[in-house]
Amino acid sequence: MTGWIPLLLLVAVLWWAIKVYNRLVQLRNRISNAFGQIDVQLKRRHDLVPNLVEVARGYLKHEAATLEAVIQARGQAQGAAKTARNQPTDAAAIGALAVAEGALGASLGRLMVVAESYPELKADATMAALSEELTSTENRIGFARQAYNDQALDFNNAATQFPALLVARLTGFTPAAMLQSTQSEAERQAPRVQF
């Protein structure tokens, strides 16, 4: 009878470890799914950019540098998205994506500011429709990022709480990266408007 107790204890510990491992795999897969939703919206955004630039090109002949900056930022963002798509829990890949998407957002913002100074472009129906579509996509990206961060938080909580931490460490689970909207203290400051 006493020989069975250690065996039952070992079986119970193994069963618990398998259950924890499967839970961590499930949570990691949810992160991948959440990133997939971001990726869909980023692709939509990346597909809108060339159309936006093409419409603006006819009006902004003297703003070639602005248009080129948007195109270059789009290319970098697409490359970063591809890398992050393959490794949605890798902190470096997610960080590089955030930086590239921030640069694309900034260059698109500059394009919109420049477009404001061209009444004909501002009145163009195609430009207005594309701008509205881009705004809608930006909102969708924000919601998808929030869902990703929620999943990453759930995973990180599960993988760092004792005793599940033991299984996570032994099986190579590392904390998932969170997406941040800002990268520096300067970006967190409210813009100052002076008249």
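Cut-off values and rules
Residues numbered from 1 in each chain as written. Predicted model: local features only at pLDDT ≥ 70, side-chain atom pairs only at ≥ 80, totals over all residues. Heavy atoms only, no water. Axes fitted to C-alpha atoms, helices over the stretch in contact; angles between N-to-C directions. Helix = DSSP H or I, 4+ residues; strand = E, 2+ residues; numbered from the N terminus. Parallel < 35°, antiparallel > 145°, perpendicular 65-115°, else oblique. Left-handed = near helix turned anticlockwise from the far one by under 90°. Nonpolar A, V, L, I, M, F, W, Y, C, P; charged D, E, K, R; others polar. Buried < 20%, exposed > 50% of the residue type's maximum accessible area, 1.4 Å probe, protein only.

As for the packing of helix α1 (residues 4-59) against helix α5 (residues 125-160)
- For the pair α1 and α5, the least separation of the axes is 8 Å and the interaxial angle reads 165°. In this view, α1 runs roughly antiparallel relative to α5, as classed from their interaxial angle. Here α1 and α5 pass one another in a crossing that is left-handed.
- In the contact of α1 with α5, the residues fall into 22 nonpolar, eight polar and nine charged.

Considerations on the environment of Asn29
- The topology assignment puts Asn29 in helix α1.
- For Asn29, a relative accessible area of 45% puts it in the partly exposed group.
- As for Asn29 and Thr89, which are separated by 60 residues in sequence, their C-alpha atoms are 9.7 Å apart.

Just distances and angles here, no functional claims.
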